[in-house]
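Structural description and commentary
Chain by chain, the residues:
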Amino acid sequence: MPNGGILYWIASIRRLSYKILGAYLKKPVTDRTDNGDNVTLMKPLMLDKSPFAINDLVTVARSNRPVAVSAAAERRVARTSALIERWVREKRVIYGITTGFGALCNVTISKKDTRRLQENILMSHAAGVGNPLPEPVVRAIMALRVHDLCLGYSGCRMETIRYLLAFLNHGVTPVVPEKGSVGASGDLAPTAHLGLVLIGKGEAFYGGRRISGAEALKNIGLPPLRLAAGEGLALINGTQVMTAIGALVVNDAVRLSKMADIACAMTLEVLMGSNSEFDPRIHEVRPHPGQRVTADNMLHLTADSEIITSHEGCARVQDAYTLRCSPQIHGASKDAVAHARRVIDIEINSTTTNPLIFPDTEEVRLGGNFHGQPVAMAADYLSMGLAELGSVSERRIERMVNPQLSELPAFLVHEGGINSGYMIGQYAAAALVSENKVLAHPACVDSIPTSANKEDHVSMGTIAIRQSRDILTNVETVIAIELLCAAQAYDLLAEKQPLAAGKGTRAAYQVIRRYVPYMDRDRELYKDMETLVRVLRSGEILEAVEAAVGRIRGVAN
């Protein structure tokens, strides 16, 4: 057969294989019930939707929601990738596509080496260290990367995007070390680890096992991907790691800010505090959004409280700041969460790669959208807001366990001496709060130059948001300890005079007692703490409270 005929058949077979691959990657995803029956999952989320919401991302990350992209996105991607192919044939000099990277941008790459260049960037930049990021975080990273690529400014092919969709829909999660990004030129090191699995290298989690990237591809029936010009850079150049962590932290921070109000309201009651400080007129004359939201929450939570009305007109003139100023303290933290949410909302709907291809005018622009400074500064502010929720909670815990301040049995237990009660619970809260003071040190002010001083200011955004995540985890435990102490205090108060708590606080107490019994004598406290942290994260307490009193707001809309 003449050479031309051979080439024709090779090309035909290749086109057919691409069609088969495309059909596989687009096939619907099903899940199984516990008894093995196939069930239809929720409707696939279109990752190129606009606007792309934080809640959407959370469902993909944590609920394994199936994903897809629209035909319009495919057309955008095809248009830009065709433009890249043409420019490579024309031997145009384009950063990262026909040149080296960073300080090596003046090195021109020949056409025959463009594919090798893209694989090399993944291998050389995969220098992450530390523990793997949790699988939900990596799923969020992949979803954000698909969203960015589908905007059509990177030049990445649809075939490459379909691999990422297949990973999300069929449970392949690349192993991505959590450390190693300075947060400018994107999250290069961690996203390079993600990209390695596409080409059959690196490692991935699949079916509960940590396996090689090659084995992961084999398990879902895909061959290693051959990257085209510019695709390696497009896969790693962006803020998707810090933004993915940030989206999950912000989502959880909104819930935690509500739980802080619930814990505070319970403490207010057991310490015989007043709810007069939540009068709307007080907060209308200083109308910070979070302050007004918190005061409104506290009024709803303590509505119809017999405990509060039982001591009206008593000798106490004013409550301690941790109670009386809770709208101002919690409110400022809510405003920090709200700001971080606004920044993340913008970031997840942006393209943060470089270079940017504008197909309408067939132009390339080199910019700095990969610089994580907006996320970094918002993360540092968020860290301070979350840390303060923990700090004020710990002070309320101290007021409950201290008999000189609470007028309750020391450390909230009878037979003090033989029993220590919640004494060391307060120690644990104090330790976490002190740790948060270190973690809340701003990361974004600590720039250090990289890439032979070409990248002479970096954001440290990924470090900043990892600190926010750690602070949030610590504060969840502190709030859980406050809830445990408050529930114990309710029972001790009831021994003297049974009085009904507020509608909202009563609902919270009932959920707590469903999982953690009254402490009549010392027991292993860490088990109670771990249990209540799980319950707090599940949302069950919040759901019960909102069923009783209506919506509790986390941040001002």
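Residues numbered from 1 in each chain as written. Predicted model: local features only at pLDDT ≥ 70, side-chain atom pairs only at ≥ 80, totals over all residues. Heavy atoms only, no water.

1. Considerations on the overall build of the protein
To keep things clear, this is the line we draw: For helices the rule is a DSSP run of H or I covering at least 4 residues; for strands it is a run of E covering at least 2, with both sets numbered from the N terminus onward. The criterion used for residue contact is that any of the two residues' heavy atoms lie within 4.5 Å. Shrake-Rupley sampling with a 1.4 Å probe provides the accessible areas, and residues are treated as covered by the protein chains on show and by no other component.
A count of helices and strands for the protein gives 22 helices and eleven strands. Of all intrachain contacts in the protein linking residues separated by at least 6 positions in sequence, the fraction that spans at least 24 positions is 78%. In the form shown here, the protein has an accessible surface area of approximately 24,200 Å², with 54% of it arising from carbon and sulfur atoms.

2. A short note on the pattern of salt bridges
Defined as follows: One side-chain nitrogen of Lys or Arg within 4 Å of one carboxyl oxygen of Asp or Glu is enough to make a salt bridge. For every residue, the accessible area (1.4 Å probe, protein chains only) is compared with the maximum for its type, and the residue is labelled buried under 20%, exposed over 50%, or partly exposed between those bounds.
All chains considered together, the criterion is met by 26 salt bridges. The closest approach of N and O atoms between Arg-162 and Glu-74, which form a salt bridge, is 3.2 Å. Pair noted here: Arg-162 is in helix 6 (residues 158–170) and Glu-74 is in helix 3 (residues 71–89), with a separation of 88 residues, a long-range link. Given a relative accessible area of 15%, Arg-162 falls into the buried group. Judged by its relative accessible area of 22%, Glu-74 falls in the partly exposed class. With its nearest N and O atoms 2.8 Å apart, the salt bridge here joins Asp-261 to Lys-334. You can see Asp-261 sitting in helix 10 (residues 240–270) and its partner Lys-334 sitting in helix 15 (residues 326–348), a full 73 residues away along the chain. With relative accessibility at 0%, the residue Asp-261 sits in the buried group. Among the ionic contacts, a cluster of salt bridges with common partners joins Arg-62, Asp-252, Arg-255, Glu-476 and Arg-537.

3. Examining the sheet that holds strand 6 (residues 173–174)
Pairing between sheet strands relies on hydrogen bonds along the backbone, with the strands arranged either parallel or antiparallel. Test applied: The rule for pairing is simple: two strands pair if DSSP sees at least two bridges between them.
The three strands are arranged 6-8-9 in an open sheet whose pairing can be described as antiparallel. Single-partner strands in this sheet number two, and they are strand 6 and strand 9 (209–212). Direction of pairing for strand 6 relative to strand 8 (residues 203–206): antiparallel, over a ladder of two bridges. Each bridged residue has a counterpart across the sheet, and for Thr-173 the counterpart in strand 8 is Phe-205.

So far we have only geometry, and geometry alone does not tell us how the molecule works.
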